[in-house]
Each structure stands twice: as C-alpha cells, then as structure tokens.
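So you can see what is in the structure, the chains are spelled out below.
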Amino acid sequence: FLDLPIIPVTIVMRVIGLLLYLLGCYLALKVLPIGKWGFLVLALSPTAVYQAATLNADGYSSAAGFIFISLVLAAALKPDTPLTRRYLVYLCLAIAALALGKPATVFLLPLLFLLPRRVFTSRGQVTTLWIVSAAAFVFHFGWLYIGFKNSRVGQEIFAVTAGSLSS
C-alpha cells in the first residue's frame, strides 16, 4: 500500500533478517555455558551469515535453534541449580520459536531429555514443558499439512491417493 520500490525494500528485508539472526546469536552466546568461541566461529562463518541475509526463514530458524540449544545446555550443565519460573518461561518461548521455524528445528525438542530431573522444582514444570512441546509439534506439523494440502502439488497427491483408495 506504500508503493515502495522493490530493490530498496528487498535490501531492508535482508538487513532485518541478518539483524534478527545476529540478535539470536548474541542471546545464545550470553546463555551458553561452554564453547562460546566455537559457537561464535560457527555463527559468524561466511556461509551462515550469507544464509541469514537471504530472503528465507533460515536465519530465523538458526537463531531459534541456537537459543533453544543454549538454554537447554545451560540448564543441563548446572544440575544443582533449579529452574526458576522466568527460566521456564524463556524455555517455553524458545520452544514456541522452534515451532515457527523451518521443519528441521522441531527435531531439536528431544534435547529436553538432557535436562536432569533434579533441575525441576515441581511436576508442574515438567508437565508445562511437555504440554508446550506437544503443542509446538502439533502446531508446526499441522501448519505444514495445511500448507501442503492447499498447494497444487499437495492437491494432486491427495487426488491420486483418494482415487487409488476408492478403486
């Protein structure tokens, strides 16, 4: 509705995507308990930065995955420190961010099994993580199913499958 030229808008979108990726890397670096230099080398490698600066969801998905992994590692490597309510909220937000990413990011959820039982102060915390993880998984793959079913390729596949089932 603003009728802006396409090339400057594309450049701004790429810069914003890169900034979002760098913000995610910064947050992950702040939380990560070990391996900060190794993570920094990988996060700022030319391929990762180029991929984050293109017009796709790769930068967001990588940033969400980095934040989730660093939160899980920070809690898993400090088993004597119980999870606070704030930390649990951060972990749930990271799980929700994974659900909004590309399909492979949801497969990071089994990393939650790294969390030792003694970091949880109540069964409610464990239940909350399971509910949020299940909701993220269902939302993510439900959204993919709806998108695929409404695509032309998906409609052709569903038509062929329905035809073979009826005969």
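Because the structure is a prediction, the values reported are computed rather than measured. Along each chain, the written sequence defines residue order, and numbers are assigned to residues from 1. Per-residue local features of the predicted model are confined to residues with pLDDT of at least 70, and side-chain atom pairs are confined, for both listing and counting, to 80 or more; whole-chain, interface and lining totals are unaffected and use all residues. The side-chain values count all of the structure's non-hydrogen atoms but skip hydrogen atoms and water molecules.

### A short note on the overall build of the protein chain
Each helix is a run of H or I in the DSSP string that is no shorter than four residues. Each strand is a run of E no shorter than two, and both are numbered from the N terminus. For the protein chain, the count of helices and strands is 7 helices and 0 strands. In the protein chain, the order of α-helices and β-strands from amino to carboxyl end is α-α-α-α-α-α-α. Taken over the C-alpha trace, the protein chain has a radius of gyration of 20 Å; the compact-globule value for 167 residues is 15 Å, which it surpasses by more than 25%. Over its C-alpha atoms, taken along the principal directions, the protein chain stretches across nearly 60 × 50 × 30 Å. The cut-offs for exposure are 20% and 50% of the maximum accessible area for each residue type, with area from a 1.4 Å probe on protein chains only; residues under the lower value are buried, those over the upper are exposed, and the others partly exposed. Taken over 167 residues, the protein chain has a buried fraction of 29%. As presented, the protein chain carries roughly 11100 Å² of accessible surface, and 73% of it is formed by carbon and sulfur atoms. Seen as two clouds, the 12 positive and the 4 negative side-chain charges of the protein chain have centres 16 Å apart. With the radius of gyration taken over C-alpha atoms, the globule rule is written as 2.2 Å times the number of residues to the power 0.38. All accessible areas in this document rest on Shrake-Rupley with a 1.4 Å probe, and a residue is counted as covered only by the protein chains that are shown. Charged-residue counts in this description rest on Lys and Arg as positive and Asp and Glu as negative, His and the chain ends being excluded. Charge placement uses NZ in Lys and CZ in Arg. For Asp and Glu, CG and CD serve respectively.

### Considering the packing of aromatic side chains
Any pair of Phe, Tyr and Trp rings, taking the six-membered ring for Trp, is counted once the centres come within 6.5 Å. Such a pair is stacked with planes under 30 degrees apart, edge-to-face with planes over 60 apart, and tilted for the rest. Inspection of every chain in the model, using the stated rule, returns 6 aromatic pairs. Here the aromatic rings of Phe107 and Phe141 are separated by 5.9 Å at their centres, their planes lie at 55°, and the arrangement is tilted. Residue Phe107 is located in the loop between α5 (85-99) and α6 (123-149), and its partner Phe141 is located in helix α6; the two are separated by 34 residues in the primary sequence. What makes Phe141 partly exposed here is its relative accessible area of 28%.

### A closer look at the pattern of salt bridges
Throughout this description, the term salt bridge denotes a Lys or Arg side-chain nitrogen within 4 Å of a carboxyl oxygen of Asp or Glu. Enumeration over the complete set of coordinates arrives at 2 salt bridges. The salt bridge involving Asp58 is made with Lys102; its shortest N-O contact spans 2.6 Å. Pair noted here: Asp58 is in helix α4 (residues 58-76) and Lys102 is in the loop between α5 and α6, with a separation of 44 residues, a long-range link. On the basis of relative accessibility, which here comes to 12%, the residue Asp58 falls in the buried class. Lys102 gets classed as partly exposed once you look at its relative accessible area, which sits at 34%. Of the charged contacts, one joins Arg118 and Asp80 as a salt bridge, the two residues approaching to 3.9 Å between their closest N and O atoms. Of this pair, Arg118 sits in the loop between α5 and α6 while Asp80 sits in the loop between α4 and α5; the two residues are 38 residues apart in sequence, bridging distant segments of the chain. Overall, Arg118 belongs to the exposed group, its relative accessible area being 58%.

### Considerations on the packing of helix α1 (residues 6-31) against α4
To get an axis, a line is fitted to the C-alpha atoms, and for a helix only the part in contact is used. The angle between two axes follows their N-to-C directions and goes from 0 to 180 degrees. Contact geometry of α1 with α4 gives a least axis separation of 8 Å together with a crossing angle of 10°. Considering the angle they form, α1 stands roughly parallel to α4. Seen from α1, the contacting residues are Leu20, Tyr21, Gly24, Cys25, Leu27, Ala28 and Val31; seen from α4, they are Gly59, Tyr60, Ser62, Ala63, Phe66, Ile67, Ser70, Leu71 and Ala74. Residue composition of the contact of α1 with α4, by class: 12 nonpolar, 4 polar and no charged. Should an angle fall under 35 degrees it is taken as roughly parallel, and over 145 as roughly antiparallel, whereas 65 to 115 is taken as roughly perpendicular and any remaining angle as oblique. Throughout, a contact is declared for two residues whenever any of their heavy atoms are within 4.5 Å. Charged means Asp, Glu, Lys or Arg here, nonpolar means Ala, Val, Leu, Ile, Met, Phe, Trp, Tyr, Cys or Pro, and polar covers whatever is left, Gly included.

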